[in-house]
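Residue strings, one per chain:
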Number of protein chains: 2
Amino acid sequence: MDNVTDISSARPDVTDLQMIEGTRTFLEVIAGKWSVDVLYLLANGTRRYSEVFYEVGEISKKTLTQTLRALERDGVISRQVYPEVPVKVEYSLTPLGWSITGLLMAIYEWTAEHGAEVEAARTLHEEAAERPPLAAAA
Amino acid sequence: MDNVTDISSARPDVTDLQMIEGTRTFLEVIAGKWSVDVLYLLANGTRRYSEVFYEVGEISKKTLTQTLRALERDGVISRQVYPEVPVKVEYSLTPLGWSITGLLMAIYEWTAEHGAEVEAARTLHEEAAERPPLAAAA
DNA sequence: CGGTATCCAGCCCGATACTG
DNA sequence: CAGTATCGGGCTGGATACCG
């Protein structure tokens with residue numbers, strides 16, 4: 001067996017299925033359209049609801065609330081309510097949330113290194129789609 | 001400034017926005033519902049269309065084709081057609097695709113370490129939702 | 001064998017308006 | 001201030017049938 005193109009050789013104790021499920025768990029956490037934005041924002045420090053709303057950009061309040069609730073539900077951010085008048089609500093990363101930022105960095109490192117290849121591949125396929133499938137040239 | 005909760009201190013040369021965009025590029029590649037499954041499968045070796053179809057599970061042919069085309073378009077898998085009768089089509093990882101598997105491993109490592117915390121948080125929030133908001137107890 | 005074509009359901013997200 | 005309520009649109013993914 002001279003073929004080393006087998007991912008399982010790196011972790012013979014884990015099945016593909018377990019890896020897929022694990023990866024899926026992670027993706028569920030950050031799959032929301034704005035989850036990553038919120039995570040990066042809170043990684044720069046605690047923010048109030050209105051601060052997140054303003055700093056993220058053109059997110060709607062409904063979607064922002066959904067995003068925050070989902071992240072809170074997954075335990076990566078925490079929500080602190082100050083019962084003043086008017087109320088103040090602060091969001092911040094939990095330790096679990098901080099552990100995710102490391103992964104986000106790793107993902108960024110990958111795109112820093114390979115992102116251009118992805119863009120290039122996409123452009124190539126676009127051009128190929130525009131070219132008539134080789135016939136009218138004769 | 002004794003506050004070290006600043007993610008940018010790790011990479012002062014990169015803005016949050018660039019990181020968010022980079023992360024988004026990666027997520028676009030693997031965000032498809034079945035992308036990770038296909039990637040892991042092909043990481044175990046080249047597969048024919050029907051093999052992928054069977055081994056992935058309950059994916060529809062349309063969705064499988066969509067997934068494969070998207071991954072091909074992003075340059076992470078390659079499609080090789082053998083013009084026999086009937087035709088044979090083989091899919092395999094490109095070098096770019098192989099570079100992604102490293103990241104998938106990193107993601108798996110994270111869930112192996114923290115996945116249980118996510119599940120626990122979710123369960124806790126479920127229970128909290130079932131509890132009446134503290135009023136009828138008196 | 002390896003796909004398309006067509007139709008359709010579900011969900012995520014947004015815009016707007018209203019509230020404790 | 002920090003949300004909720006309601007309505008609606010777009011895109012993803014599935015079921016089924018057909019094709020080179």
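Structure's up top.
All values derive from a computational prediction rather than experimental measurement. (Residues numbered from 1 in each chain as written. Chains lettered and ligands numbered in written order. Predicted model: local features only at pLDDT ≥ 70, side-chain atom pairs only at ≥ 80, totals over all residues. Heavy atoms only, no water.)

Draft legend 1. Quick peek at the protein's contact with DNA strand D. Around DNA strand D sit 18 residues in total, of which A:Ser50, A:Arg79, A:Tyr91, B:Lys62 and B:Thr63 are the nearest. Among all atoms of DNA strand D positioned within 4 Å of the protein, those belonging to sugar or phosphate total 64%. In this structure, A:Lys61 approaches DNA strand D through a side-chain N or O atom, which is 2.8 Å from a base oxygen. Here A:Tyr91 contributes a side-chain N or O atom positioned 2.7 Å from a phosphate oxygen of DNA strand D. (Near = heavy atom within 4 Å. Polar contact = N/O pair within 3.5 Å; in protein donor to acceptor, adjacent residues only side chain to side chain.)

Draft legend 2. Molecular detail of the relation of the copies chain A and chain B. Least-squares fitting of chain A to chain B yields an RMSD of 0.1 Å, with the transformation described by 0.0 Å of translation along the axis and a rotation of 180°. Taken together, the rotation angle and the small translation identify this as a two-fold axis. Scanning chain A for the C-alpha nearest the rotation axis identifies A:Ala31, at a separation of 3.7 Å. A high fraction, 100%, of the interface residues of chain A reappear at the interface in chain B, so the copies pair face to face through one surface. (Least-squares fit on C-alpha atoms with pLDDT ≥ 70 in both. Contact = heavy atoms within 4.5 Å.)

Draft legend 3. Spatial organisation of the pairing of strand 3 (residues 88–93) of chain A. Residue and element names in this part refer to chain A. Side chains of strand 3 alternate between two faces, with Val89, Tyr91 and Leu93 buried and Lys88, Glu90 and Ser92 left unburied. Where strand 2 (residues 77–82) lies against strand 3, six bridges are found, and the strand directions are antiparallel. Bridge pairing links tyrosine 82 to lysine 88 in strand 3. (Buried < 20%, exposed > 50% of the residue type's maximum accessible area, 1.4 Å probe, protein only. Helix = DSSP H or I, 4+ residues; strand = E, 2+ residues; numbered from the N terminus. Pairing = 2+ DSSP bridges.)

Draft legend 4. Layout of the sheet that holds strand 2 of chain A. Residues and elements named next belong to chain A. Here three strands make up an open sheet; going across it, the order is 1-3-2 and the pairing antiparallel. In this open sheet, the two edge strands, each paired with only one partner strand, are strand 1 (47–48) and strand 2. Pairing analysis gives two bridges linking strand 1 to strand 3, with the strands arranged antiparallel. Bridged to arginine 47 within strand 3 is tyrosine 91.

Draft legend 5. The arrangement of the protein's contact with DNA strand C in detail. Lining the immediate surroundings of DNA strand C are 19 residues, of which A:Lys33, A:Lys62, A:Thr63, B:Arg69 and B:Arg79 lie closest. Among all atoms of DNA strand C positioned within 4 Å of the protein, those belonging to sugar or phosphate total 66%. One nitrogen or oxygen atom from the side chain of A:Trp34 is found 3.2 Å from a phosphate oxygen belonging to DNA strand C. Where the surface near DNA strand C is concerned, the elements lending two or more residues are helix 4 (61–73) of chain A together with helix 3 (49–56), helix 4 (61–73) and strand 3 (88–93) of chain B. Ranked by residues supplied to the surface near DNA strand C, first place goes to helix 4 of chain B with four residues. Here the surface near DNA strand C is built from residues that sort into six nonpolar, five polar and eight charged. (Nonpolar A, V, L, I, M, F, W, Y, C, P; charged D, E, K, R; others polar.)

Draft legend 6. Representation of the sheet that holds strand 3 of chain B within the structure. Residue and element names in this part refer to chain B. With respect to topology, three strands assemble into an open sheet ordered 1-3-2, the strand pairing being antiparallel. Single-partner strands in this sheet number two, and they are strand 1 (47–48) and strand 2 (77–82). Packing of helix 2 (residues 35–43) onto the sheet brings it into contact with strand 1, strand 2 and strand 3, and relative to strand 3 it is tilted by some 95°. (Axes fitted to C-alpha atoms, helices over the stretch in contact; angles between N-to-C directions.)

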